[in-house]
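The primary structure of each chain is shown beneath.
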Amino acid sequence: MDWLIPFHLIEQYAAHLDANENTRATEATICNCSQNRIGRYCEYNFDSRKITPGQWLDRQMSVVFLNNYETLTRLVDGIICTGADMFLEWRHICDGFTQCANGADELDCHLLEFSKCEINEFQCRNGMCIPIEFAFDAMPDCMDWSDEQALDELYKRYDNCATQSTFECDDRLCHKDQFSCGNGECIRWSAILSDQKDCGNYRDLAYICEISNLLFETRGVWSGICKQTMELVPPVTNSSGCRQTLGHLLQTHPPQQFRDLAIINFRTRCDDLILYSEQNAFFPGLKMIYNRSRIQIFVSNPSNLYKPIPKTPDLYYFTGIIVCDGIPLNTSEKIWFSHQELQELISYPFFPLFHLICQKIMNESLSNMKTENDLDSSISPSLYRCRNTSDRLSLRRVNDGYIDCLYGDDERNPDYPMTQLFRYQCQTVTSPSQYVSYAKLGDGVNDCADGSDEVSNEIRWSTFKCDVNDNYACWVFQGDQFRENRLKDVRLHFHRYCDSVWDMMDGLDEKNCSHWMCDTGLYKCNRSGQCIEPKSFCDGELDCDDGEDEVNCSQISLKWKFELNCNTRTEYFCITDEYIKNQSLNRSCISWHQVGDGHIDCIGARDERNVASCPDHRMVGDRFLCDNGRKCVDHMAVCNGIKDCADETDESICFWNTGYCPAGQFSCADRNGCKTTRCIAETTCKDKSHYFWCPSSNSENYVYRSSKDRSVFDNKKRCYNQLESHIKFAIPSPSSNQQVKALGDRYFYCNRGFYLQAVDSSEFICFCPPTFYGDRCQYDSRRVGIRLRFDRGHRPDLPFILNVLVTLVLNGSTVVDHRFFLDVAKEYSSKSMTHLIYPRPKPPGTFSVRIETYHSTELIHFWEYLISPLDFLPVLRIAKVLRFPARSFPWLCSHNYCKNNGTCHQREDNRFLCICAYGWKGKLCEMRTEYIHCGSHSLARTETICVCPQGYLEPYCYVQNLKCQQHNCELNETCIPRSHPPIYGHICICNTSNCNIYKPMISIHRQEPNQSPFLLQLLQLAGDYPTIRQQILGQPLTSFPLTQTIKTRDSRFTIGEQPEIGLLFTFEPNAHSIETTLYLLFINCSNAMRNFSVDLDQQLNKCHVLPKNQRHAVTLFGNFCQSSTYGSCFISDGYLCYCGYPNKNHSNCLSYQRRYTFVGADIVACTD
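As recorded in an unreviewed UniProt entry, the protein chain goes by EGF-like domain-containing protein and comes from Adineta steineri. Quoted verbatim from the Subcellular location (unreviewed entry) field of the UniProt record, the comment on the protein chain reads "Membrane".

**Student:** Report on the overall build of the protein chain, specifying residues and quantitative values.
**Tutor:** Counting secondary structure elements, the protein chain contains 17 helices and 55 strands. When each of the 1168 residues of the protein chain is scored for burial, the buried share is 53%. Excluding contacts between residues fewer than 6 apart, the proportion of contacts in the protein chain whose partners are at least 24 apart in sequence is 53%. Of the roughly 54,200 Å² of accessible surface on the protein chain, a fraction of 49% belongs to carbon and sulfur atoms.

**Student:** Break down the packing of aromatic side chains for me, with residues and values.
**Tutor:** Under the counting rule described, the total for this entry stands at 66 aromatic pairs. An angle of 45 degrees between the planes, with centres 6.1 Å apart, marks the rings of phenylalanine 562 and tyrosine 579 as tilted. Here the residue phenylalanine 562 occupies a position in the loop between β16 (531-532) and β17 (571-573), and tyrosine 579 occupies one in helix α15 (residues 577-581), the gap between them amounting to 17 residues. Here the two residues phenylalanine 562 and tyrosine 579 agree in accessibility, since each one is buried. Above the plane of the ring of tyrosine 402 lies arginine 125, whose end atom (NZ or CZ) is 4.1 Å from the centre.

**Student:** Please set out the sheet that holds strand β51 (residues 1129-1132) residue by residue, giving values where relevant.
**Tutor:** Pairing between the strands of a sheet comes from backbone hydrogen bonds, and it takes one of two forms, parallel or antiparallel. What the four strands build is an open sheet, ordered β50-β51-β52-β53; its pairing is mixed. The open sheet has two free edges, formed respectively by β50 (1104-1105) and β53 (1147-1151), since each of these has just one partner strand. By the bridge criterion, four bridges tie β51 to strand β52 (residues 1135-1139) in an arrangement that is antiparallel. The residue bridging isoleucine 1131 from the neighbouring strand is leucine 1136, located in β52.

**Student:** Can you explain the environment of phenylalanine 767? Please cite residues and give values.
**Tutor:** In this structure, phenylalanine 767 sits in strand β24 (residues 764-767). Along the chain, phenylalanine 767 and leucine 756 lie 11 residues apart, while their C-alpha atoms are 7.9 Å from each other. Excluding residues that lie within four positions of it along the chain, phenylalanine 767 makes contacts with Tyr44, Gly753, Phe754, Leu756 and Cys777.

**Student:** If you had to explain unusual backbone geometry to someone new, which residues and values would you point to?
**Tutor:** The omega angle of the peptide bond from arginine 840 to proline 841 is -10 degrees, so this bond is cis rather than trans. Topologically, proline 841 is positioned in the loop between β30 (832-837) and β31 (847-855). Looking along the chain, the bond that leaves phenylalanine 1040 and enters proline 1041 is cis, with omega of 0 degrees. Of note, proline 1041 is situated in the loop between β44 (1027-1034) and β45 (1042-1045). For phenylalanine 136, which is not glycine, the phi torsion reads 55 degrees and is therefore positive. Tracing the backbone shows phenylalanine 136 in the loop between β4 (129-131) and α4 (152-155). Classification of phenylalanine 136 as buried rests on a relative accessible area of 0%. A positive phi angle is found at asparagine 751, which is not glycine, with a value near 55 degrees. Tracing the sequence through the fold places asparagine 751 in the loop between α17 (715-720) and β23 (754-758).

**Student:** Now, about the state of the cysteines: what can you tell me, with residues and values included?
**Tutor:** Under the defined criterion, the tally for this structure stands at 38 disulfides. Between cysteine 31, a cysteine without a disulfide, and cysteine 42, which holds the nearest cysteine sulfur, the sulfur-to-sulfur distance is 4.8 Å. On the accessibility criterion, cysteine 31 (21% relative accessible area) is partly exposed.

**Student:** For the packing of helix α9 (residues 242-251) against helix α10 (residues 256-269), give the residues involved together with the corresponding values.
**Tutor:** For any two helices packed against each other, one specifies the crossing angle of their axes together with the interaxial distance. Where α9 meets α10, the closest approach of the two axes is 9 Å, and the angle between their N-to-C directions is 145 degrees. Taken as a pair, α9 and α10 cross one another with a handedness that is left-handed. Together, Cys242, Thr245, Leu246 and Leu249 of α9 and Ala262, Asn265, Phe266 and Arg269 of α10 make up the contact between the two elements. Residue classes in the contact of α9 with α10 are distributed as five nonpolar, two polar and one charged.

**Student:** Mind laying out the confidence of the model for the protein chain, listing which residues take part and the relevant values?
**Tutor:** For the protein chain, the average pLDDT comes to 85, and 90% of its residues sit at 70 or higher. Across residues 368-380 the pLDDT falls below 50, and counting only partners more than four positions away or on other chains, this stretch makes 15 contacts in the model. For residues 1157-1168, every residue scores under 50 in pLDDT, and the model assigns this stretch 28 contacts once sequence neighbours within four places are set aside.

**Student:** Quick rundown of the pattern of salt bridges? Include the residues and the values.
**Tutor:** Counted by the stated rule, this structure contains 44 salt bridges. Of the charged contacts in the structure, one is a salt bridge between arginine 91 and glutamate 89, with a shortest N-O distance of 2.7 Å. A relative accessible area of 0% places glutamate 89 in the buried class. With its nearest N and O atoms 3.0 Å apart, the salt bridge here joins arginine 783 to aspartate 171. One end of the pair, arginine 783, is in strand β27 (residues 783-791); the other, aspartate 171, is in the loop between α5 (167-170) and β5 (178-180), with 612 residues separating them in the sequence. Since its relative accessible area comes to 1%, arginine 783 is described here as buried.

**Student:** Describe the sheet that holds strand β10 (residues 327-338), and please don't skip the residues or the numbers.
**Tutor:** Ordered by their spatial adjacency, four strands build an open sheet running β7-β8-β9-β10, and the pairing between neighbours is antiparallel. Of all the strands in the sheet, the pair left with one neighbour each is β7 (273-277) and β10. Here the strands of the sheet are splayed against their neighbours by 25 degrees on average, with no regard to which way each runs. Note: strand β9 (residues 315-324) against β10, nine bridges, orientation antiparallel. Bridge pairing in β10 places leucine 315 opposite serine 338. Relative to the sheet, α9 contacts β7 and β8 (286-291), its axis offset from that of β7 by approximately 70 degrees.

**Student:** Outline the UniProt feature "domain: EGF-like" (unreviewed entry) in the protein chain, supporting the account with residue identities and numerical values.
**Tutor:** In this structure's numbering, the residues bearing the UniProt feature "domain: EGF-like" (unreviewed entry) are residues 889-926. Helix makes up 0% of residues 889-926 and strand makes up 26%, while its end C-alpha atoms are separated by 25 Å.

**Student:** Help me get a handle on the environment of glutamine 965, residues and values and all.
**Tutor:** With respect to the helices and strands, glutamine 965 occurs in the loop between β39 (946-947) and β40 (973-977). Among the residues examined, glutamine 965 registers a relative accessible area of 56% and is labelled exposed.

**Student:** Kindly report on the nonpolar core, identifying the contributing residues and their values.
**Tutor:** Of all hydrophobic cores here, the largest spans 56 residues; its most connected members are Leu246, Phe282, Phe283, Leu353 and Ile357. Of the residues forming this core, the biggest block, seven residues, is contributed by helix α13 (residues 353-365). Residue contacts for leucine 246: discarding those within four places in its chain leaves Phe266, Ile274, Tyr276, Tyr290, Ile295 and Ile309.

**Student:** If you had to explain helix α11 (residues 292-300) to someone new, which residues and values would you point to?
**Tutor:** Residues lying three or four places apart along an α-helix face the same way, a consequence of the helix completing one turn every 3.6 residues. Where α11 is concerned, the buried positions are Arg292, Ile295, Gln296, Phe298 and Val299. Take α11 and look down its axis: the buried residues cluster within an arc of 165 degrees, on one side only. Those residues of α11 that are buried are in contact with α9, α10, β7 and β8. You can read the cap of α11 off the contacts: a side-chain oxygen lies 2.9 Å from the backbone nitrogen of serine 293, and it is on asparagine 291.

**Student:** Explain the pairing of strand β43 (residues 1014-1020) residue by residue, including any values.
**Tutor:** Burial within β43 is extensive, with seven of its seven residues counted as buried. Taken together, the seven bridges between β43 and β44 define a ladder with antiparallel strand orientation. When the bridges of β44 are listed, glutamine 1017 appears paired with glutamine 1031. Linking β43 back to β44 in an antiparallel pair, the connection comprises six residues, with glycine 1023 at a positive phi of about 70 degrees.

**Student:** Please provide a residue-by-residue account of the side chain of asparagine 183, values included.
**Tutor:** In this fold, asparagine 183 is placed in the loop between β5 and β6 (186-188). The exposure class of asparagine 183 is buried, given its relative accessible area of 1%. When residues no more than four places from it in sequence are discounted, the contact partners of asparagine 183 are Glu70, Arg91, Cys161, Ala162, Cys169, Asn201 and Arg752.

**Student:** If you had to explain the side chain of glutamine 149 to someone new, which residues and values would you point to?
**Tutor:** Counting through the fold element by element, glutamine 149 comes out in the loop between β4 and α4. With a relative accessible area of 0%, glutamine 149 lands in the buried category. At a separation of 3.0 Å, a polar atom in the side chain of glutamine 149 contacts the main-chain carbonyl oxygen of phenylalanine 464. When residues no more than four places from it in sequence are discounted, the contact partners of glutamine 149 are Phe136, Leu154, Tyr438, Ala439, Leu441, Trp461, Phe464, Lys465, Cys466 and Phe477.

**Student:** Explain the pairing of β51 to me, using residue names and the numbers behind them.
**Tutor:** On a regular strand, one side chain projects to one face of the sheet and the next to the other, so that they alternate. Burial of the side chains of β51 extends over both faces: Cys1129 and Ile1131 are buried on one face and Phe1130 and Ser1132 on the other. Two elements, β50 and β51, share two bridges in a ladder whose sense is parallel. Bridge assignment links histidine 1104 to a residue of β51, and that residue is phenylalanine 1130.

**Student:** So, the packing of α10 against α11: which residues are in play, and what are the values?
**Tutor:** Contact pair α10 / α11: the axes reach a minimum separation of 10 Å and the direction vectors enclose 155 degrees. Here α11 runs roughly antiparallel to α10, going by the angle between their axes. Once α10 is placed against α11, the crossing between them reads as left-handed. Of the residues in α11, those in contact with Arg259, Ile263, Phe266 and Arg267 of α10 are Arg292, Ile295, Gln296, Val299 and Ser300. Tallied by class, the residues present in the contact of α10 with α11 amount to four nonpolar, two polar and three charged.

Scoring rules and cut-offs
- Residues numbered from 1 in each chain as written.
- Predicted model: local features only at pLDDT ≥ 70, side-chain atom pairs only at ≥ 80, totals over all residues.
- Heavy atoms only, no water.
- UniProt positions renumbered as here; feature names shortened; annotations may be inferred.
- Helix = DSSP H or I, 4+ residues; strand = E, 2+ residues; numbered from the N terminus.
- Buried < 20%, exposed > 50% of the residue type's maximum accessible area, 1.4 Å probe, protein only.
- Contact = heavy atoms within 4.5 Å.
- Areas by Shrake-Rupley, 256 points an atom, 1.4 Å probe, with all protein chains shown as cover.
- Phe/Tyr/Trp six-rings, centres within 6.5 Å; stacked < 30°, edge-to-face > 60°.
- Lys NZ or Arg CZ within 6 Å of the ring centre and 35° of its normal.
- Pairing = 2+ DSSP bridges.
- Disulfide = S-S within 2.5 Å.
- Axes fitted to C-alpha atoms, helices over the stretch in contact; angles between N-to-C directions.
- Left-handed = near helix turned anticlockwise from the far one by under 90°.
- Nonpolar A, V, L, I, M, F, W, Y, C, P; charged D, E, K, R; others polar.
- pLDDT = per-residue confidence, 0-100.
- Salt bridge = Lys/Arg side-chain N within 4 Å of Asp/Glu carboxyl O.
- Core = buried A, V, L, I, M, F, W, Y, C linked by side-chain atoms within 4.5 Å.
- Arc of directions from axis to C-beta.
- Polar contact = N/O pair within 3.5 Å; in protein donor to acceptor, adjacent residues only side chain to side chain.
- Parallel < 35°, antiparallel > 145°, perpendicular 65-115°, else oblique.

Printed below as a string of structure tokens:
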């Protein structure tokens, strides 16, 4: 291994040493390469053996601003795409937009759109199916991530897709409103159309890079995909053609003599409209036109000598072939768009150009023609046809919160009742009702008309994050799979009340805070009782509802001089109705005591900006409230000469404006100027009146008090009452002397792969990831992604380690690709991920994925899933939970269908699998193998697929893993060598009860057996909501003492602290119901591992249930411990409170639901 030679040579050498093996390795040579060489024959330069291929890849992709070699990745295998073959990538297949002139990219897509998942599966937005238990488990399984909450924390893993090569990036599917950059980066179409953002590799600008203003501003030279698709135009000469002359002006800033020559060329060689580009990546077939006269005028103007010419095309047109509703249509008429019209397309929910062109052509030419491939009810009995377009949708897309029809008629559609799972009903939207997917809760976009998908009557959804599988938020979302609506019981984190931030509609969490207790280090507002940061004083924003934090503050530089007439110690600037009527008798000031008192004194509710709410139920803030509270307008609409409010108060408040300025402009109060914008330092009035009604920040799109959304002091730190120091362990980066510069600075030369330089020819050779192929890794591989989880819950008799073989099978018998991995029994079963690659070219036939599990070389069980007819998709993902039948293994067929001593194995549906004897192959073991590469002690599934016995390494099982001979495991543990990478890896298995000697235990004691069941819950204080780390169910007549090991690992198998809170539920049957009683057993705030002992015969700490008339007085809960009415523990609607924090007279509360399910007198399921 130290020689860094290919592993198959090591296997050949091992086979050669085995005298009993008939090998072909007798003539093979093995080279021990020198320090700076690598390869079978040391044929490549490699500067350092201390660097792994992964590090080598990272360094060749790390310098994004030197991305001079990246190419357009393309899909070419199995598809002929006319008109767009240079741009087509796998994500274009079935994305709803026809790229190819022959429609090849949208062929057969109805098979995916109208496919049906099983009842125990979740259907992704793109139509693929995953197990329903994979939905909302904080690990995305859908390729479009539609099975998880759209959290910034989860999406951050895509931030570096442009500079890293991972399966996660390569398999990412962009949303319908996004443009795919070909590398896992997705950019909103609206951002591209409005010139706000481009792909990091400039894929959206391929062949038209010179029209981008962003590119030259940031780079100045061609880079990335632009270098591949663009040529630098030579300087203008008197013989330059029209397009060459224009290209030179677009790509450079030429001096005057070239400009003069360009004008001559334009006049003599160009038509009025110059066709400049006939191909682009964002809409193939769209031609770009420049107006010659406009460019001539611009270039001729001496004041523009040092300015680049405007790069934006003047016009666009489409003509030619387009496939609409399955019919190829050839239009000779040019369909024109101006640049402004193209930018106005951002008002649509997704890029609409394809739909609009088809709509125009079909309305004119095919209004009475039926389509040839119309989907009748026999093919698809459940579909919705979008209005005014030919799009057909599966009914699962109707009322799901995503706009799939161009005109949005699939949403808030009263004709289709909501039957889908994982749908949230917007709270105050009626006639018709509105629904959104759980995935959209808290994503920062108001999808509900009332905004309740962001801030509801109970919670701000962005604080409720399903970001770790076993946390409370995931448990709530997952309730739908059990037909339980757990969302209705969700409550706001207790310590988000009275923090001055609105986390509920209309700020209900900020009312009645006078008795609230603030955390250490926070300031309590005298009148409102809210808690704010001391640094918030005098920052220009009201934090206390009454503005106490802004009293007597001097911010003269950012105020209109007229505002300074008020005494900042006692008065607040306020333009009232009385002041507008008579400015001689009234002042523009009110007492600070009138601010935040719930009564609007100032026009626009400026004095109640933290108390009053807009129709969207959000704080007024910097907006202007008018029309008796029925409307809010943006601060920039105030005093702009346009009456946005029906009561016209947004303009009448500007008492000085007598029509001096035109509509749309702000009139300075001293009447010495008209401003097209305001609230910025660059646009000023002498009297500073341009600062009237402006936010405290001049950042664009700033939201009032958005910076005040602080993190709450989490429950764990409250419990421990001290800040814990968290030590972060990180892999040290290589030292400076190990830094290796990529050879020749060929960054991204192999796109997502890496290169080595050949010694003899100095040629750069690319090594591609499985997702790409080609000499530059420029072609997409057709592939199937596999995600599996084995459910061993009811089969403790299975081997601790399963050897798993996953194969891609053609026509039920021919294995065309395979992967091995190990599945290890764990407390929390994990998912395994791999890829299978189709042959190139992809042969016709029926494809399936087969999973076989082995103990050493003995087959345990197998599963098989059809891919066809969806194998037309270039990239597909199969996700399954694999469950073992309740029977002994091996499960042999009652009749042996296998020939030549093969063994027939059966599964539940009576299908069988033949395991052939050594030397035979085929579905029935009917064919003799010509030459087997596998060692004779292995199981040869084919000539080259070898199932290795324990301790031998794949692929051919000649090399033995002797790692366990080095005693790598602890006492009382058994070492098992791995057969799969990492090479020479091992696993330690505990084989006695003594392995848990260092783990904490809990013992439950009682003198007499219990007559009724009980449930013990152990809670971990993690994040905003407690996590149920463990549940112990005591059945009736349990034998005592009941002793269990306390779990200290989470679902990610990370070792953490032991649970801090222990709860006990008892269940006593009554005549018609079950009486449930909750007891608080312990609160353990210690880093030290300890054992717990609970005596059920002693008087336990009962948690009292608050009466209904006090359940909603959440802001008063902190003081309930001052009396003994409710004991030291009480529960309310969604909260569990206990006394003793921060002292015995006050309580701390946790947002908590009773997480168990029972029916009648029998507890039937524990849900965590």
